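Coordinate analysis (summary)
The residues making up each chain are set out below.
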Amino acid sequence: MGRNDETLSLVLCSGTDDKLTGAAVLVVGAAAMERRVEILLQFWALDAFRADRITKDHGLSPEAGTEGQTLWERHQGTHWSEMLRQAEEIGDVSIHACSLSMDLLKITPDDLDPLVDDVRGVAAFLAAADGAITFV
């Protein structure tokens, strides 16, 4: 399989487990297809990547409702953080913390899980993103 030069660039804003899981599935798929992946963590997604909170329950988005909550509780799949670790092992995946969100939430680099590679401003992320950007 040859390398795919198209980059998947994701901006994650939501910190709920369902949205982070959906994003992680996309990242694993892209990494398996040898696509480079760039992720920018903003706001509540960034908060979910704190080392002391990454495996905690982050709830579900409101649209999941009661039925979604029941389905999620039966879900025995791999946690989104483990999927992202696997994607980093098999592919070219970079996870960046948004510097503005870091300041807003008073998070330091030492607070973050090792999954997060560095802190970047939006301009640096946009410069590295060589295509369309998807917001999750």
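The text that follows walks through the structure, step by step, so that each part is easy to find. A quick note: this is a predicted structure, and the numbers were derived from the prediction, not measured.

Let us look at the overall build of the protein chain. Of the regular secondary structure elements, the protein chain holds six helices and five strands. Across its three principal directions, the C-alpha atoms of the protein chain cover 40 × 40 × 25 Å. Within the span of the protein chain, comprising 136 residues, buried residues form 42% of the whole. In the protein chain, of all internal contacts separated by at least 6 residues, the share reaching a separation of at least 24 is 79%. Approximately 7300 Å² of the protein chain is accessible, and the part contributed by carbon and sulfur atoms is 54%. Looking at charge distribution, the protein chain has the averaged site of its 11 positive side-chain charges lying 3 Å from that of its 23 negative ones.

Before going further, it helps to spend a moment on the packing of aromatic side chains. Considering all chains together, one arrives at one aromatic pair under this definition. Taking the centre distance of 5.0 Å and the plane angle of 50° together, the rings of Phe49 and Trp80 count as tilted. Note that Phe49 is positioned in the loop between helix H2 (43-48) and helix H3 (65-74) and Trp80 in helix H4 (residues 80-90), a separation of 31 residues in sequence. The exposure class of Trp80 is buried, given its relative accessible area of 1%.

This part takes up a nonpolar patch on the surface. On the surface, Phe43, Trp44 and Leu104 cluster together to form a nonpolar patch covering roughly 340 Å² of accessible area. Within the secondary structure layout, Trp44 lies in helix H2. Here Trp44 falls in the exposed class, since its relative accessible area comes to 53%.

Our next topic: the environment of Leu26. For Leu26, the position within the fold is in helix H1 (residues 17-32). Assessed through its relative accessible area of 45%, Leu26 is described here as partly exposed. Measuring from C-alpha to C-alpha, the distance between Leu26 and Ala123 comes to 24 Å, with 97 residues separating the pair along the chain.

What follows is about the environment of Phe135. With respect to the helices and strands, the residue Phe135 is situated in strand E5 (residues 133-135). On the basis of relative accessible area, Phe135 is assigned to the exposed category, the value being 59%. Considering only alpha carbons, one finds Phe135 and Glu82, 53 residues apart in sequence, at a separation of 21 Å.

Procedures and definitions
Residues numbered from 1 in each chain as written. Predicted model: local features only at pLDDT ≥ 70, side-chain atom pairs only at ≥ 80, totals over all residues. Heavy atoms only, no water. Helix = DSSP H or I, 4+ residues; strand = E, 2+ residues; numbered from the N terminus. Buried < 20%, exposed > 50% of the residue type's maximum accessible area, 1.4 Å probe, protein only. Contact = heavy atoms within 4.5 Å. Areas by Shrake-Rupley, 256 points an atom, 1.4 Å probe, with all protein chains shown as cover. Lys, Arg positive; Asp, Glu negative; His and termini not counted. Charge placed at Lys NZ, Arg CZ, Asp CG, Glu CD. Phe/Tyr/Trp six-rings, centres within 6.5 Å; stacked < 30°, edge-to-face > 60°. Patch = residues over 30% accessible without salt bridge, like charges linked within 9 Å, V, L, I, M, F, W, Y side chains within 5 Å. Salt bridge = Lys/Arg side-chain N within 4 Å of Asp/Glu carboxyl O.

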